[in-house]
Amino acid sequence: MLIKQSKNSFIRTTDRYGYITNQLTRHDRSYDSFGADLLREINREPQEVDEIIYRLLKIYKGVDFATLKDDFLEFADSLAKDHFIMLAETPEELDAKDLTFSYSMGNPKTLATDFYQPTEKPISENTQDFFLEEVQGKPLISNIQFELSSRCNERCIHCYIPNDKKNHGFDMPTTKVMDLLDQLAAMGGIHVTFSGGEAFMHKELLKLVRYAREKDLMVTILSNLIALKDDQIQELHDLNISLIQVSLYSMNPEIHDLITTVKGSFEKTKAAIEKLVAADVPVQISCPVMKANRKGYRAVMEYANSLKIKAQTDFIMMAEANFDTSNLANRISIEETEELIRDIMQFDPVYKQDIITKRPVSEEIKFDLERYKKQRICGVGYDNCCITANGDVYPCAGWQNMVLGNVYKQQLQEIWENSPKVKELRDITQADFPQCLECEARDFCARCLVRNYNESNGDMFKVNKHFCDVAFLTKRLAEEYFAEQLKKNYSESK
């Protein structure tokens, strides 16, 4: 029996846990130290299962071959059912079982409405919850977003990056990015996001994508696509990247171009999206909603569905990184937000499910206030950070006034482990927001430290009233939906 890791799966292990994720199914799993030992034996080359068992016997002395093999095969069968790995008798059969992304799939990852992973055994909590608690006090980096270029070929009216940075922009040298990718891989990182500015304005973007894939890193690109060249598309497909996320603001060219302030940008972006789809490169549309395009989100969503991709939105917006809030003049009002959410809930089943349902969890992790107080707000400073073209390291994209260090002066690991500011961020828990602990709208809130920070002149603990209003609005709309469903079910039962 042969075993091989899927080309779409990524494995990382420590002495404490094992982790595997699949960029095609978007499922992931976390394991204890025993699971980590088993995962550590699986790689991208075909191996005989018996050879793995002989190696494991050196670790688990006193366990007989047959028992250890049975345990390993039970573990492997579970992973194979969800396409993390392949099991077969020949290398050719292994390759035939390894799925390749295509829009011809019945439910491609760019359209799938539910990535929930059913298992034969109960899972006590999701991997995000596991890691946010597991890494407290012992952070392990997972993802870095590289703002490869501070240059941008658009000047979007809502952007959180000040235009002055784009007007005097430059690129991070390719050799420096490659060095940082080496450092990230050595630290156990698993995912890299290339952005800007505009990622495709970096002349050697594809060289960097290729290098990241050679380092066994999962790759996402954030772009407006207007600088994408036709001869780059096939290589993007061949490199098996995880996703390209592109901003498309309206199906009305005039409105889209009004937001980007670049005439003709709509036609270039739309054409690029369709070329990528034709080449089976996974694409997802981001459609931030503001006053200029609030009536057009549905048309963007329908266009995305016609291509078997998803459109997602953010209607809260973020102030500029230099504390200038003038871009928030484009933010929709709470009344306009209600109109938008009602519309999205009617025409976007994915969004509606996100609002009205909660993933079932086991009895052991029902809400516990004392446990909740100790939890992190997000993964900032614990599993991810952002590096800009000048070498500054931020907690996340948009938090450009919170510099943790600079990679031209320090090694990434030194910044990650010893930066005084990142240590301060790691001390922040839910308990630092006492007004939110037992808030009725807590489960519907999108609390965000950087949004607080940028909008409140550097005070990350000051929650803007607009964010609270949106949370209570979302709660009310969800409750209305439940009440309507109960009424409908009662009428149908009579």
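Residues numbered from 1 in each chain as written. Predicted model: local features only at pLDDT ≥ 70, side-chain atom pairs only at ≥ 80, totals over all residues. Heavy atoms only, no water.

1. Concerning the overall build of the chain
Phase 1: Tallying secondary structure elements over the chain gives 19 helices and 15 strands in all.
Phase 2: Relative to the 2.2 N^0.38 estimate, which gives 23 Å for 494 residues, the radius of gyration of the chain is 23 Å and therefore close to what a compact globule would have.
Phase 3: The C-alpha extent of the chain, read off along each of the three principal axes, is 70 × 65 × 50 Å.
Phase 4: Each of the 494 residues in the chain was classed as buried or not, and the buried ones make up 51%.
Phase 5: Within the chain, residue pairs in contact and separated by at least 24 positions form 70% of the contacts whose partners lie at least 6 positions apart.
Phase 6: In the chain, 62 side chains carry a positive charge and 77 a negative one; their mean positions are 3 Å apart. (Helix = DSSP H or I, 4+ residues; strand = E, 2+ residues; numbered from the N terminus. Rg over C-alpha atoms; globule rule 2.2 N^0.38 Å. Buried < 20%, exposed > 50% of the residue type's maximum accessible area, 1.4 Å probe, protein only. Contact = heavy atoms within 4.5 Å. Lys, Arg positive; Asp, Glu negative; His and termini not counted. Charge placed at Lys NZ, Arg CZ, Asp CG, Glu CD.)

2. Describing the packing of aromatic side chains
Two measures describe an aromatic ring pair: the distance that separates the ring centres and the angle between the ring planes.
Phase 1: With the rule as written, the count across this model stands at nine aromatic pairs.
Phase 2: Ring plane angle 80 degrees and centroid distance 4.9 Å describe the contact between Phe101 and Tyr103, whose orientation is recorded as edge-to-face. For the pair formed by Phe101 and Tyr103, the shared burial category is buried.
Phase 3: With 5.6 Å between their ring centres and 55 degrees between their planes, Phe323 and Tyr453 make a pair best called tilted. (Phe/Tyr/Trp six-rings, centres within 6.5 Å; stacked < 30°, edge-to-face > 60°.)

3. A look at the sheet that holds strand 6 (residues 85–88)
Consider a sheet: its strands pair through backbone hydrogen bonds, and that pairing is either parallel or antiparallel.
Phase 1: Spatial strand order, 5-1-6: three strands in an open sheet with antiparallel pairing. The outermost strands of the open sheet, each flanked by one partner alone, are strand 5 (47–48) and strand 6.
Phase 2: Two strands pair when backbone bridges link them, and strand 1 (residues 2–5) and strand 5 are joined in this way by two bridges, in the antiparallel orientation. In the sheet register, Leu2 faces strand 5, and the bridge partner there is Glu48.
Phase 3: Of the strands in this sheet, strand 1 and strand 6 are in contact with helix 3 (residues 65–81), which crosses strand 6 at around 115 degrees. (Pairing = 2+ DSSP bridges. Axes fitted to C-alpha atoms, helices over the stretch in contact; angles between N-to-C directions.)

4. Description of helix 13 (residues 334–347)
Phase 1: Under the 1.5 Å per step criterion, the end-to-end length of helix 13 is 20 Å for 14 residues, consistent within 8% with the ideal 20 Å.
Phase 2: Restricting attention to buried positions, one finds in helix 13 the residues Glu336, Thr337, Glu338, Leu340, Ile341, Asp343, Ile344 and Met345. (Expected span 1.5 Å × (residues − 1).)

5. Section: the pairing of strand 6
Phase 1: Residue alternation in strand 6 divides its side chains into two sets, Ile85 and Leu87 and Met86 and Ala88, and both sets are buried.
Phase 2: The pairing of strand 1 with strand 6 spans four bridges and is antiparallel. Along strand 6, the bridge assignment pairs Ile3 with Leu87.

6. Here we look at a negative patch on the surface
Phase 1: There is a patch of like negative charges on the surface, built from Glu48, Glu51, Glu89, Glu92 and Glu93.
Phase 2: Relative to the helices and strands, Glu51 is located in helix 2 (residues 49–57).
Phase 3: Given a relative accessible area of 45%, Glu51 falls into the partly exposed group. (Patch = residues over 30% accessible without salt bridge, like charges linked within 9 Å, V, L, I, M, F, W, Y side chains within 5 Å. Areas by Shrake-Rupley, 256 points an atom, 1.4 Å probe, with all protein chains shown as cover. Salt bridge = Lys/Arg side-chain N within 4 Å of Asp/Glu carboxyl O.)

7. Thoughts on the nonpolar core
Phase 1: Core analysis: the largest hydrophobic core is formed by 92 residues, its most contacted members being Phe146, Phe194, Ile221, Leu236, Ile273, Ile285 and Trp399.
Phase 2: Here this core gets six residues from one element, more than from any other, and that element is helix 8 (residues 205–214).
Phase 3: Core analysis: the second largest hydrophobic core is formed by 19 residues, Ile3, Ile11, Leu39 and Ile42 among them. (Core = buried A, V, L, I, M, F, W, Y, C linked by side-chain atoms within 4.5 Å.)

8. Considering the packing of helix 10 (residues 253–260) against helix 11 (residues 265–278)
Phase 1: Two numbers describe how helix 10 lies on helix 11: the axes approach to 8 Å, and their chain directions differ by 105 degrees. Classified by the angle their axes make, helix 10 and helix 11 are roughly perpendicular. Contacts between helix 10 and helix 11 involve Pro253, His256, Asp257 and Thr260 from the former and Ser265, Phe266, Glu267 and Thr269 from the latter.
Phase 2: Across the contact of helix 10 with helix 11, the residue classes tally to two nonpolar, four polar and two charged. (Parallel < 35°, antiparallel > 145°, perpendicular 65-115°, else oblique. Nonpolar A, V, L, I, M, F, W, Y, C, P; charged D, E, K, R; others polar.)

9. Some points on the pattern of salt bridges
Phase 1: Scanning the model with the defined rule gives 28 salt bridges in all.
Phase 2: In this structure, Arg331 and Glu455 form a salt bridge, with 2.9 Å as the shortest nitrogen-oxygen distance. On the criterion of sequence distance, the pair formed by Arg331 in the loop between strand 12 (311–312) and helix 13 and Glu455 in helix 18 (residues 449–455) is long-range, its members being 124 residues apart.
Phase 3: Since its relative accessible area comes to 10%, Arg331 is described here as buried.
Phase 4: Taking relative accessible area as the criterion, Glu455 reaches 14% and is therefore assigned buried.
Phase 5: The structure contains a network of salt bridges with shared partners spanning Lys291, Arg294, Lys295, Glu336 and Glu339.

This is a description of form; function is not addressed.
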